[in-house]
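Residue-level listing of the chains:
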Amino acid sequence: QVQLVESGGGLVQPGGSLRLSCAASGSIFSINTMGWYRQAPGRGRELVATISTTGGTVSADSVQGRFTISRDNAKNTVYLEMNSLKTEDTAVYYCKFATRFGVEYWGKGTLVTVSS
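Here the structure is a predicted model, which means the values were calculated and not measured.

Draft legend 1. View of the state of the cysteines. For the structure on display, the rule yields one disulfide. Across a sulfur-sulfur distance of 2.0 Å, C22 and C95 are joined as a disulfide pair. Where C22 bonds to C95 through sulfur, the torsion about that S-S bond is close to 50°, and the disulfide is right-handed. Of the two residues, C22 is situated in strand β3 (residues 18-25) and C95 in strand β9 (residues 91-99); the sequence distance between them amounts to 73 residues.

Draft legend 2. Structural view of the environment of P14. Inspection of the secondary structure assignment puts P14 in the loop between β2 (10-12) and β3. When its relative accessible area of 41% is taken as the criterion, P14 is described as partly exposed. C-alpha of P14 to C-alpha of G55: the two residues are 41 residues apart in sequence and 29 Å apart in space.

Draft legend 3. Layout of the pattern of salt bridges. The tally for this structure, following the rule as stated, stands at five salt bridges. A salt bridge links R38 to D89; the nearest nitrogen and oxygen atoms lie 3.0 Å apart. Placement of R38 in strand β4 (residues 31-39) and of D89 in the loop between β8 (77-82) and β9 is noted, with a sequence separation of 51 residues between them. A relative accessible area of 5% means that R38 is categorised as buried. For D89, the salt bridge is made with R66, and the minimal N-O distance between the two is 2.7 Å. You can see D89 sitting in the loop between β8 and β9 and its partner R66 sitting in the loop between β6 (57-59) and β7 (67-72), a full 23 residues away along the chain. R66 shares its class with D89; the two are buried.

Draft legend 4. Geometry of the sheet that holds β7. Judged by pairing direction, the sheet is antiparallel, and its four strands sit side by side in the order β1-β3-β8-β7 without closing on themselves. Each of the sheet's edge strands pairs with one partner strand only, and the pair in question is β1 (3-7) and β7. Taking each pair of neighbouring strands and ignoring which way they run, the sheet shows an average axis angle of 15°. Pairing between β1 and β3: five bridges, direction antiparallel. Within the sheet, the bridge partner assigned to Q3 lies in β3 and is S25.

Conventions used here
- Residues numbered from 1 in each chain as written.
- Predicted model: local features only at pLDDT ≥ 70, side-chain atom pairs only at ≥ 80, totals over all residues.
- Heavy atoms only, no water.
- Disulfide = S-S within 2.5 Å.
- Helix = DSSP H or I, 4+ residues; strand = E, 2+ residues; numbered from the N terminus.
- Buried < 20%, exposed > 50% of the residue type's maximum accessible area, 1.4 Å probe, protein only.
- Salt bridge = Lys/Arg side-chain N within 4 Å of Asp/Glu carboxyl O.
- Pairing = 2+ DSSP bridges.
- Axes fitted to C-alpha atoms, helices over the stretch in contact; angles between N-to-C directions.

Below, the structure is given as structure tokens:
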């Protein structure tokens, strides 16, 4: 059974940094896109950033220049480096892996709180 486990969330002051990690456990084959999404209180889930197998990235306008997504294919792990955090970045952050066969796996989420 495949599980995605996020880590690295927590409380940080505005302007601070955090690094999220998401690792897959179990047998997972042909991972294609890895990505991060977030859901703020009272809002729907939104894309933060994705990364393809070749390293191509897509990110939301709101995080460009501040957040960087990367992946380690050997470890089936995706990272999100978050800098210059703002209060509006407060949300539960979820990772998602999509395989070439159209199967999607989601993590359970990690809470990021940006507050002074």
